[in-house]
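Close look at the chain arrangement
Next come the chains, spelled out residue by residue.
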Amino acid sequence: MRPSRRPALKASEIPPQNLNLREGERQSIVCPDCDSWHPLYRKMIKTHHLDRAARGGRAPRCPGSAQLIDMDISVEQWGEAMLAADSTATGRRSARQHYKPLAQPPTPIYRLADRGPQGTPTLHRLLPLLEHARHAVDQHRTACSLCRTGGGCDVGRALEVRFAETEASCTIAREQLKHQERRRLDRAAAPKRESEWAAVLPAVQDTDIRRAVVPVPPARPEAPAQAEVSSVPTEPENLEAYDRRQAELGTQYARRTLAALPA
């Protein structure tokens with residue numbers, strides 16, 4: 001195979017990812033004309049055709065065939081260039097991960113009481129449903145021999161589950177109604193409390209002013225920070241009695257410690 005008349009391509013000018021110089025593998029290159037991998041033969045791109053399905057015959061030959069490659073770099077230099085190109089591509093890649101938002105979980109059955117029409121009392125809507133569910137359970141127990149004897153069929157269990165869920169919804173609706181009533185009473189009582197505090201505020205301020213001008217005795221225990229001397233003793237009155245008591249306590253402690261030791 002003769003080389004083509006094109007000038008030789010320098011391996012140092014070819015992108016390292018388009019060249020394969022690994023040891024133990026056949027050297028190959030991406031043809032600059034057809035952008036496909038082809039082996040190197042005597043430092044030339046092996047002859048290939050544009051239509052790879054129909055080789056030989058009248059298939060057109062790729063202009064990049066027999067292109068001479070000037071190996072002006074070593075395998076080590078090519079490996080370093082590959083590492084540099086990989087690190088550059090990694091740096092361009094975003095480290096942020098985008099997650100698909102999770103679907104909103106469905107509303108539990110016992111919380112469906114809050115999904116009524118605007119302005120409709122929830123408890124008023126649930127009470128007829130609760131009575132209907134209770135009546136359905138009673139009718140089934142009367143008609144079903146298995147449930148009447150203490151057992152339970154699938155239909156009976158389903159009716160009991162529906163009754164329990166409706167009863168739980170009624171309980172939650174009652175608690176919500178009580179909470180709303182307490183909040184309404186608190187909002188109604190807030191202006192009254194504010195007016196009551198405003199009415200007694202002058203008297204409280206006058207009391208604070210008159211209390212501030214009253215002299216504080218030095219030995220008064222209620223306000224030791226305002227006294228001239230500390231009202232709390234910091235040393236024992238009788239040092240000899242204090243030392244004697246401490247020695248007695250130490251002797252008693254030593255006796256208890258010795259008695260607690262195993263024989």
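Not measured: the values here are computed from a predicted model. (Residues numbered from 1 in each chain as written. Predicted model: local features only at pLDDT ≥ 70, side-chain atom pairs only at ≥ 80, totals over all residues. Heavy atoms only, no water.)

A few points about the pattern of salt bridges
- Counted according to the given criterion, the structure contains 8 salt bridges.
- For E160, the salt bridge identified is with R141, shortest N-O distance 3.1 Å. With E160 in helix α4 (residues 154-212) and R141 in helix α2 (residues 122-143), the pair connects residues that are 19 residues apart, well separated along the chain.
- You can call E160 partly exposed: its relative accessible area is 36%.
- Across the pair R184 and E181 runs a salt bridge, and its minimum N-O distance is 2.3 Å. A residue pair is termed a helical-turn pair when its members lie 3 or 4 positions apart in one helix, as R184 and E181 do in helix α4 at 3 residues. (Salt bridge = Lys/Arg side-chain N within 4 Å of Asp/Glu carboxyl O. Helix = DSSP H or I, 4+ residues; strand = E, 2+ residues; numbered from the N terminus. Buried < 20%, exposed > 50% of the residue type's maximum accessible area, 1.4 Å probe, protein only.)

Brief notes about the environment of L68
- Position of L68 relative to the elements: it lies in the loop between β5 (44-45) and β6 (69-70).
- Along the primary structure L68 and R42 are separated by 26 residues, whereas in three dimensions their C-alpha atoms are 8.6 Å apart.

Notes on the sheet that holds strand β3 (residues 28-30)
- Reading across from one edge, β2-β3-β4-β5 is the order of the 4 strands in this open sheet, with antiparallel pairing throughout. Taken across any chain shown, the strands that pair with only one partner, and hence form the sheet edges, are β2 (19-20) and β5.
- With 2 bridges joining them, β2 and β3 adopt antiparallel strand pairing. Residue pairing across strands places N20 opposite S28, the latter belonging to β3. (Pairing = 2+ DSSP bridges.)

Re the packing of α2 against α4
- Between α2 and α4, the least distance of the axes is 9 Å, while the angle of their chain directions is 155°. The angle between the axes of α2 and α4 places the two elements in the roughly antiparallel class. Where α2 crosses over α4, the two elements pack in a sense that is left-handed.
- Classifying every residue of the contact of α2 with α4 by side-chain character gives 14 nonpolar, 6 polar and 6 charged. (Axes fitted to C-alpha atoms, helices over the stretch in contact; angles between N-to-C directions. Parallel < 35°, antiparallel > 145°, perpendicular 65-115°, else oblique. Left-handed = near helix turned anticlockwise from the far one by under 90°. Nonpolar A, V, L, I, M, F, W, Y, C, P; charged D, E, K, R; others polar.)

What to know about helix α5 (residues 239-260)
- If you check α5, its first and last C-alpha atoms are 32 Å apart, about what 22 residues at 1.5 Å a residue would give, namely 32 Å.
- Sitting at the head of α5, N238 places a side-chain oxygen 3.2 Å from the backbone nitrogen of E240. (Expected span 1.5 Å × (residues − 1). Polar contact = N/O pair within 3.5 Å; in protein donor to acceptor, adjacent residues only side chain to side chain.)

Things to note about a nonpolar patch on the surface
- Together, W197, V200 and V204 make up a nonpolar patch on the protein surface, roughly 320 Å² of accessible area in all.
- With respect to the helices and strands, the residue V200 is situated in helix α4.
- Residue V200 is classed as partly exposed on the basis of its relative accessible area of 39%. (Patch = residues over 30% accessible without salt bridge, like charges linked within 9 Å, V, L, I, M, F, W, Y side chains within 5 Å. Areas by Shrake-Rupley, 256 points an atom, 1.4 Å probe, with all protein chains shown as cover.)

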